[in-house]
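# Coordinate inspection notes
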Amino acid sequence: MTELTAPKSSVTAAQFADEIRNELKYTQGVTPEQAKPADIYVATATAVRKHLMDSWMKTQQDMINGNTKAVGYLSAEFLMGKQLRNALLNSGLTDQFYAAVKELGFDAQEVIDAEYEPGLGNGGLGRLAACFIDSLASLGVPAFGYGIQYRYGIFRQEFDEEGRQVERPDYWLTNEDPWGHIDYARDQRVNFGGEVVEEAGKRVWKPAWAVRAIPVDYMVPGYESGRVNTLRLWQARSYDEFDLLTFNKSEYLDAVKPQVKAEDISKILYPEDSTEVGKELRLEQQYFFASASLHDAIRVFYGDAEKPDLTTFPDKITFQLNDTHPVIGIPELMRILIDEYGYDWDTAWDITTKTFNYTCHTLLPEALEVWPASLIGKLLPRHLEIIEKINDQFMHELEGLTDDEAKIERMRILTAGENPSVRMAYLASYAGSHVNGVAELHSQLLKDVTLRDFSDIYPAKFTNVTNGVTPRRFMKLANPGLSALITEGLGTDKWLEDLELLKNLEPLAQDDEFVKKFAKVKYDNKVRFADFAKSEYGFKLDPTTMFDTMIKRLHEYKRQALKILEVIATYADIKSGKVKVEDVTPRTVIFGAKAAPGYYLAKMTIQLINNVAKVIDNDPDVMGKLKVVFPWNYNIRVAQMLIPATELDEQISQAGKEASGTSNMKFALNGALTVGTLDGANVEIRERVGADNFFLFGMTVDEVDKMYESNYDPAKFYEADPRLKTAIDMVADGTFSNGDKETYAPLVSDWLTKDWFMTLADFTAYHDIQSQIETLYADQLEWNRKAILNVANSGYFSSDRSIEDYLDRVWMTGPLPTEK
Ligand code: 26M
C-alpha cells in the first residue's frame, strides 16, 4: 500500500465555512441569508473540489511523467451514488463540514439530501465499476474510468394503484452537477456510417456523419492515499454543421435532424440488463464511448504528436472491458493504429492484444451480446472489415492448434450462414490478454461451459477475480455505528484500508459485552431505517421484528418468486391455525427491485409482491407477525440505509446462475446472516464465515444440471408439497387480485409448466431452513455472535482486494511511487 497519505485536512471548520460563503458569493451569487440547502450543497461541493484539485493534477502529472502503467476501466455503467459524503470523507473534511454547515445555520441532512443521486447504471455491474474506481484511487493506482454521461439514468420506479411498476424518466441533471467538469477543449470526433473505398491500395473509411464527444470529468478521490483519479464520462453533442442545402430550402426541421440524432446517443441508459436488446442506438453508444476513450488515452500519453510510438501504448495503459459492452473498442484500436497512424496489421494486432482484457459478468447465454454483421456494416463499415479479418486470422490460427473442425466452427467470432453476426464475448476472448469471471464458481463455469472451447485452446488467459465492495461507502458512510464499534474493538481505524484486519474481531464474538453492543448498533440501525421508511414511504415498521431483506434486480433466476411464495405459505399457515400465532417469529420482509420495462414476468412478480403486502397489511390475523414492504425506487441511497438494518439477507438464486452477487458481501460486512444457495460468491462467503454461520439450502449446480436432464416437471413439486400448493393456489384463485383469476395467470402457468429456474424444486428446502433461522433468532446472543463472525471473516470481500488481484493477475501494474 502507498505511503503517501492525505492527512485529515488541516482546514478548520471556520475556514471551511468561509470557503462555502466564498463559493456562495463568487460562484453562485447568493448571500448566506438567501441560500437554500441546495445552494449550500453546491457551494460545499465546489469547495471540496478545490481542495482536491492539487492532488488531482499531481496524480495526472505523476501518471504521465512516470513509468507506472495506468488502468483504463471501460464501462457503459458507473453507478456512483451520491458524492458529497464520500468526497468529504476522502478529503478529510467531514467534521469541518458538519460544523461549518451548523455555523451557517443549516441542517446537514438537508444539505446532503439536496444532491440528486446519479443512477448511471442498472445494478451490480455498474456498482462494481464504482467500487473499483474508488479502490484504484485508494490504492494509489493511476486510473481512468471511462463511460457515458447519460442524460437520463435508470428510470425512477413508481407503483400504481394496482401495485404495478411504472417507469418515470430520471432527469438527474435538472439541477446543477457541481462534481462534473465539462472539458470542451478535450473533445473527440466520433464517426459513423458511410462506406469504405480503396484509395492508393488502402482501405479508406468515408463516414457519413459524426458526433462530438465531450468529456465530463469527475474527480475520484482515494481514501487516505493522497491520490485523485478521473472518471471521464462522455456526452454526445452535435457539430454545428447544418445541412446547408436543406437549410437553404428553409426546411429548418429537416436540417437539424442530424443534430438531434447525434445528441440522442448519450440521452438514455438502457434499462435492460440481461436480455439482448440488439438496438442500433445501443451499438452507437458503445462505439461512441469506446472510440472517444481510446483516442483520449492516446492524447493523454502522447499529446498531439503526429507520429507517436504507439508500440509503447500497452506500457502506458491497460484497458479492462467491463463485460462485452465496450468490446467494439478492439476493432476500433486496430483501425486507429492502421488507418490513423499507419501501422501494419501485425504490429497493430500485437499492440491491441496487449492492451485489452475482458471481464465476463454473466452465465446466461441470452445475455452474451451478439450483433448482426449487417448492423455493424451499416454503422461501422470499416470495423466490420476488420472483424472479418480478425475472424479469418483466428480460424487460421485455430487450424494450427486443433484438428477438431466442429470446435473451430463453434468458435467463430463471425458466424457463418446467411445472416452472420458477431459474438462480442468471443471477440474479446480471442483478442484480450486475460479473461476473468467474477467469483470462483463463475470463473470455473466459464471455463467448463460458457467459454469452454476458448479455455481449452488458451488456458493461460483464464483467471478469476472475485468481486468486492468498498468498505468506505458501504461500511464507514452507510453504517457509522458499526464502524465506530469496530474501531473501538480493534483499537484502530486502519481496517478501512486493510479490511482483513476485521479478522481480529473474531475473539470479540465470545465477549458478551461486545456482542450486546453490536446488537444495539443493529437495533439502532433498524430504528433509523424504520424512521426513514416512515418519512419516505409512509411505512410503519416495527424494529423489534426480524428484518429480512431481498434487494437486487428483478429476475426469474434470482427467484424473488421463491421468497414471496414462502411468505404466502407462511401467511396461510397462520391463517389456517396450522402454525400458532405465538410460535411465529415476527418478520418484516423487505423487497427492493426494479424490473426491465419490457420484462413481463418480472413486472408481474412486482405486482404480486405489492399485492401480497397489501393483503397481509389489511389482515388483523397476522398483525405484528408478518409484514411485507416494497420501498419503490430502490437505489444506492436506500441500500446504504437498508443494508446496515438487515438481519437476514436473501441470496436465493438458482445455483449456477448468479455470476457473483455483491450485495451478499455488503450484507455480511454489515452483520447480516445470509440464507442462500451455493451460487456465485455465496460459496466463498460461506467458506470464509463458516458453514455454521450461513443458512445454506437448495440444489447444487450438479443437481440442477441433472434435473434439467431428467426433464424437470414443476407440477410434481406442486403436488408434493401442500404448503407450496396452497401458496400457488392462492395466487391463482385471486386472493391477491380482488378475486380476479386472470391477473397472475401467466405467472402461475409459468410456474406449473416451465419454471426454468426451478423455484418449485427448491421450495421445500427453502422452507425447511426457516425453522433453523427462527430457532437461532430466538437466541439473540447467539445470532449476534454469528453476525459478528460474518463481519470478522468478510474482509476478503473488499474491492481493494479485488483490485490487488487484478493488479497481480491481469493488469501487471501497481501504485504510483510515493515521495519519501
Ligand atoms: C447489455 C446490452 C444492452 C443493454 C444493456 C446490457 C446490460 C447492462 C447491464 C447487460 C448486463 C448488465 O449488467 C449485468 C450485471 O449487473 N451483472 C451482474 O454483475 C455483477 C458484478 O460482477 C455480479 O455480481 C452479478 O452476479 C451479475 O448479475
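Everything quoted here is computed from the prediction, not taken from an experiment.

With that settled, consider the overall build of the protein. A count of helical and extended segments in the protein gives 33 helices and 22 strands. A compact globule built from 820 residues should have a C-alpha radius of gyration of about 28 Å, and the protein, at 27 Å, falls within 12% of that. Buried residues in the protein amount to 51% of all 820 residues. Here the contacts in the protein between residues at least 6 apart in sequence split such that 77% fall between residues at least 24 apart.

What follows deals with helix α12 (residues 345-355). Three or four residues apart is the spacing at which side chains of an α-helix point the same way, because the helix has 3.6 residues per turn. Along α12, the positions that sit buried rather than exposed are Ala348, Ile351, Thr352 and Thr355. Seen end-on, α12 carries its buried residues on one side only, within an arc spanning 95 degrees. As for α12, its buried residues are in contact with α10 (313-316), β11 (317-322), α11 (329-340), β12 (356-359) and α16 (424-431).

This part takes up the environment of Pro308. Structurally, Pro308 is set in the loop between α9 (280-302) and α10. Among the residues examined, Pro308 registers 15 C-beta atoms within 10 Å and is labelled partly exposed. For Pro308 and Tyr341, which are 33 residues apart along the polypeptide, the C-alpha to C-alpha distance reads 8.3 Å.

Per the domain assignment, the segments of the protein are domain 1 (67-81 + 117-467 + 804-811) and domain 2 (471-797). With centres defined by C-alpha atoms, the gap from domain 1 to domain 2 works out at 35 Å. Opposite the 40 residues of domain 1 that make contact, domain 2 presents 33 residues. Residue assignment for the side of domain 1 that touches domain 2 shows that the elements contributing at least two residues are α6 (124-138), β3 (156-159), β4 (165-168) and α17 (440-450). If one sorts the elements of the side of domain 1 that touches domain 2 by residue count, α6 sits on top with 5 residues. Broken down by class, the residue content of the side of domain 1 that touches domain 2 amounts to 12 nonpolar, 16 polar and 12 charged.

To continue, consider the environment of Asp177. Relative to the helices and strands, Asp177 is located in the loop between β4 and β5 (181-182). Separated by 135 residues in sequence, Asp177 and Val42 have C-alpha atoms that sit 7.9 Å apart.

Moving on, we get to the site of the ligand. Inspection of the region around the ligand gives 23 residues, with Gly124, Leu125, Asp273, Ala659 and Ser660 positioned closest. Broken down by element, the shell around the ligand gets its largest block of residues, 3 residues, from α6. Looking at side-chain class alone, the shell around the ligand contains 7 nonpolar, 11 polar and 5 charged residues. When we break the shell around the ligand down by domain, the ones giving at least three residues each are domain 1 (67-81 + 117-467 + 804-811) and domain 2 (471-797).

Here the phi dihedral of Arg559 falls at roughly 65 degrees; this positive angle occurs in a residue that is not glycine. Taking the number of C-beta atoms within 10 Å as the measure of exposure, Arg559 has 27 and is therefore buried. Not every positive phi belongs to a glycine, and Asp755 is a case in point at roughly 45 degrees. Note that Asp755 resides in the loop between α30 (745-753) and α31 (759-778). We classify Asp755 as buried; it has 20 C-beta atoms within 10 Å.

Now for the UniProt feature "modified residue: N6-(pyridoxal phosphate)lysine" (unreviewed entry) in the protein. Those residues carrying the UniProt feature "modified residue: N6-(pyridoxal phosphate)lysine" (unreviewed entry) are Lys666 in this numbering. The class for Lys666 is buried, based on 30 C-beta atoms found within 10 Å. In this structure Lys666 touches Val469, Phe474 and Ile643, once residues within four positions along its chain are discounted.

Quick look at the pairing of strand β1 (residues 70-74) now. With 5 of 5 residues buried, β1 lies mostly within the body of the structure. Two elements, β1 and β11, share 5 bridges in a ladder whose sense is parallel. Residue pairing in the sheet places Leu74 in a bridge with Leu321 of β11.

For the rest of this paragraph, the subject is the sheet that holds strand β19 (residues 626-629). Strand order in the open sheet formed by 6 strands is β19-β18-β17-β20-β21-β22, and the pairing between neighbours is parallel. Edge positions in the sheet fall to β19 and β22 (695-696), since each of these pairs with one other strand and no more. Strand direction decides the pairing type here: strand β21 (residues 673-676) and β22, joined by 2 bridges, are parallel. The residue bridging Gly676 from the neighbouring strand is Leu696, located in β22. Contacting β18 (587-592) and β19, helix α23 (residues 600-617) crosses the sheet at an angle of about 145 degrees to β19.

Once that is clear, we can look at the packing of α11 against helix α14 (residues 381-401). The interhelical angle for the contact between α11 and α14, taken along N-to-C directions, is 100 degrees, at an axis separation of 9 Å. Between α11 and α14, the crossing angle belongs to the class labelled roughly perpendicular. Contacts from Pro331, Glu332, Met334 and Arg335 in α11 reach Arg382, His383, Ile386 and Ile387 in α14. The residue inventory of the contact of α11 with α14, partitioned by class, reads 4 nonpolar, 1 polar and 3 charged.

Turning to the pairing of β21, a few remarks are in order. Side chains Leu673 and Val675 project from β21 onto one buried face, and the interleaved Thr674 and Gly676 project onto a second face that is buried too. The pairing of strand β20 (residues 648-651) with β21 spans 4 bridges and is parallel. By the bridge assignment, Glu650 is partnered in β21 with Val675. The parallel pair β20 and β21 is bridged by helix α25 (residues 663-669), and the resulting crossover is right-handed. Crossover connection from β21 via helix α26 (residues 682-689) to parallel β22: handedness right-handed.

Looking now at the confidence of the model for the protein. Summarising the model, the protein shows a mean pLDDT of 96, and 97% of its residues fall at 70 or more. Low pLDDT, under 50, characterises residues 1-6; the predicted model gives this stretch 20 contacts beyond four residues in sequence or across chains. Predicted complex, confidence summary: ipTM 0.99, pTM 0.97.

A word on the packing of helix α22 (residues 560-576) against α31. Interaxial distance between α22 and α31 falls to 10 Å at its minimum, and their mutual angle equals 55 degrees. The angle between α22 and α31 falls in the class oblique. In the crossing of α22 with α31, the sense of the turn from one axis to the other is right-handed. Along the contact surface, α22 presents Ala561, Leu562, Leu565, Glu566 and Ala569, while α31 presents Thr759, Asp762, Phe763, Tyr766 and His767.

As a further point, take α9. Between its first and last C-alpha atoms α9 spans 33 Å; for 23 residues at 1.5 Å apiece the expected length is 33 Å, and the two agree. Just past α9, the residue Gly303 takes up positive phi, approximately 60 degrees.

Now for the environment of Pro169. Examined against the element boundaries, Pro169 turns out to sit in the loop between β4 and β5. Beyond its immediate sequence surroundings of up to four residues, Pro169 is in contact with Tyr152 and Phe155.

Cut-offs and rules
- Just so you know, the residues in each chain are numbered from 1, in the order the chain's sequence is written.
- With pLDDT at 70 or above as the cut-off, local features in this predicted model cover only qualifying residues; side-chain atom pairs require 80 or more to be listed or tallied, and sums for whole chains, interfaces and linings still use all residues.
- Every helix listed is a DSSP run of H or I at least four residues long, and every strand listed is a run of E at least two residues long, numbered separately from the N terminus.
- In this setup the radius of gyration rests on C-alpha atoms only. A globule is expected at 2.2 Å times the number of residues raised to 0.38.
- To sort residues by exposure, count the other C-beta atoms lying within 10 Å of each residue's C-beta; 20 or more gives buried, 12 or fewer gives exposed, and values between give partly exposed, all with C-beta atoms placed from the backbone.
- Contacts here follow a simple rule: the backbone-placed C-beta atoms of the two residues must lie within 7 Å.
- By construction, the arc corresponds to the directions joining the helix axis to the C-beta atoms.
- Start and end positions for the domains come from either an automated domain assignment or a database one.
- Throughout this entry, Asp, Glu, Lys and Arg are counted as charged residues, while Ala, Val, Leu, Ile, Met, Phe, Trp, Tyr, Cys and Pro are counted as nonpolar. The remaining residues, Gly among them, count as polar.
- What makes a residue near a molecule or strand is its C-beta atom, placed from the backbone, lying within 6 Å of it.
- UniProt positions are given in the numbering used here, feature names are shortened, and annotations may be inferred rather than shown by experiment.
- Note: two strands are recorded as paired if DSSP finds a minimum of 2 bridges between them.
- Working convention: axes come from line fits to C-alpha atoms, limited for helices to the stretch in contact. Angles between N-to-C directions cover 0 to 180 degrees.
- Should an angle fall under 35 degrees it is called roughly parallel, over 145 degrees roughly antiparallel, and 65 to 115 degrees roughly perpendicular, with every other angle called oblique.
- Seen with its strands pointing away from the viewer, a crossover is right-handed if its path from the first strand over the helix to the second goes clockwise.
- Within a predicted model, pLDDT stands for the predictor's per-residue confidence, ranging from 0 to 100.
- Should the near helix be turned anticlockwise from the far one by less than a right angle, the crossing is left-handed, and should it be turned clockwise, the crossing is right-handed.
- To estimate how far a helix should reach, multiply one less than its number of residues by 1.5 Å.

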